Amino acid sequence: GQDAGQLDTLHGVYLPCLQSILGVILFLRLTHITSQSGTIFTTLIILASTTSTLLTWSSLSAIVTNGQIDSSSGPYYILSRTLGADIGCSLATLYYLGNTLSGSMFALGAVEALQHSVRAYYARWGYGFSGHLFRWDQQVMSAVVVVSM
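Fair warning: this is a prediction, and the values are worked out from it, not measured in the lab.

Undergrad: Got a minute to help me understand the pattern of salt bridges in this structure?
TA: When the charged atoms of two side chains lie near each other, side chains of opposite charge can form a pair. The full count for this structure, using the stated rule, is 1 salt bridge. Between E112 and R29 there is a salt bridge, with the nearest N and O atoms lying 2.8 Å from each other. Here E112 is found in helix 4 (residues 85-124), whereas its partner R29 is found in helix 2 (residues 24-65), with 83 residues between them in sequence. Here R29 falls in the partly exposed class, since its relative accessible area comes to 26%.

What follows is the structure, encoded as C-alpha cells:
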C-alpha cells in the first residue's frame, strides 16, 4: 500500500503536469493565440515552450539524481541546497509566482468556460444573450471561484 502522505510518480508528477498542460492553455487559449499570431508562429511558440520544458526537466533531473535529497523536501530545498541560497531564493520566487499566476489563470478559465456554456445554451433557444451579466462579471466570478477554493 501507499502511505497517505506520499505520492508516486503518476499521482505526484504526471497527473498534475497533464492537468496543467491540458487545462486552460490548450482548450481555451490556443485558438486565440493561433488567430493572433498565425499557425507558423503558434507552432514556433509551442516548440520553444516544449524545448524550455525539456531543458528544465533534464536539469532538475540531474540536480536531483546527483545529490542527497531529503524525501520530505520541496523544490525550494532542492534548489537552495544544490545551487546555493542566492540562486535558490530567486528561483523559488519565480516558482511561487508561477504557481500563483497559474491558479488565477485556472480560475479565469473556469469562469470563461462557464460563460461560453451559458452563451451557447441561450443561443440554442434563440435568445440573444452575450454571456456577460455586467461590466466586471468575469472578475467578480473569478474572485468567487478563488475564495471558494
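Undergrad: I'm lost on helix 5 (residues 137-148) in this one. Help?
TA: Owing to its 3.6 residues per turn, the α-helix aligns residues three or four sequence positions apart on the same side. Helix length check: helix 5, at 12 residues, gives a terminal C-alpha distance of 16 Å against a target of 16 Å (1.5 Å per residue), a fit within 8%. Along helix 5, the residues classified as buried are D137, Q138 and S142. End-on, the buried residues of helix 5 take up no more than an arc of 130 degrees, which puts them together on one face. Residues V144 and V147 are exposed on helix 5 and point more than 90 degrees away from its buried face. In this structure, the buried side of helix 5 is in contact with helix 4.

Undergrad: Looking at this structure, I do not really get the packing of helix 4 against helix 5. What am I missing?
TA: For any two helices packed against each other, the geometry is given by the interaxial angle and the distance between the axes. Between helix 4 and helix 5, the shortest axis-to-axis distance is 9 Å and the interhelical angle comes to 125 degrees. For the element pair helix 4 / helix 5, the angle class is oblique. Where helix 4 crosses over helix 5, the handedness of that crossing is right-handed. Here A107, L108, V111, E112 and Q115 of helix 4 come into contact with helix 5, specifically with D137, Q138, M141, S142, V145 and V146. For the contact of helix 4 with helix 5, the per-class residue count stands at 6 nonpolar, 3 polar and 2 charged.

What counts as what
- Residues numbered from 1 in each chain as written.
- Predicted model: local features only at pLDDT ≥ 70, side-chain atom pairs only at ≥ 80, totals over all residues.
- Heavy atoms only, no water.
- Salt bridge = Lys/Arg side-chain N within 4 Å of Asp/Glu carboxyl O.
- Helix = DSSP H or I, 4+ residues; strand = E, 2+ residues; numbered from the N terminus.
- Buried < 20%, exposed > 50% of the residue type's maximum accessible area, 1.4 Å probe, protein only.
- Expected span 1.5 Å × (residues − 1).
- Arc of directions from axis to C-beta.
- Contact = heavy atoms within 4.5 Å.
- Axes fitted to C-alpha atoms, helices over the stretch in contact; angles between N-to-C directions.
- Parallel < 35°, antiparallel > 145°, perpendicular 65-115°, else oblique.
- Left-handed = near helix turned anticlockwise from the far one by under 90°.
- Nonpolar A, V, L, I, M, F, W, Y, C, P; charged D, E, K, R; others polar.

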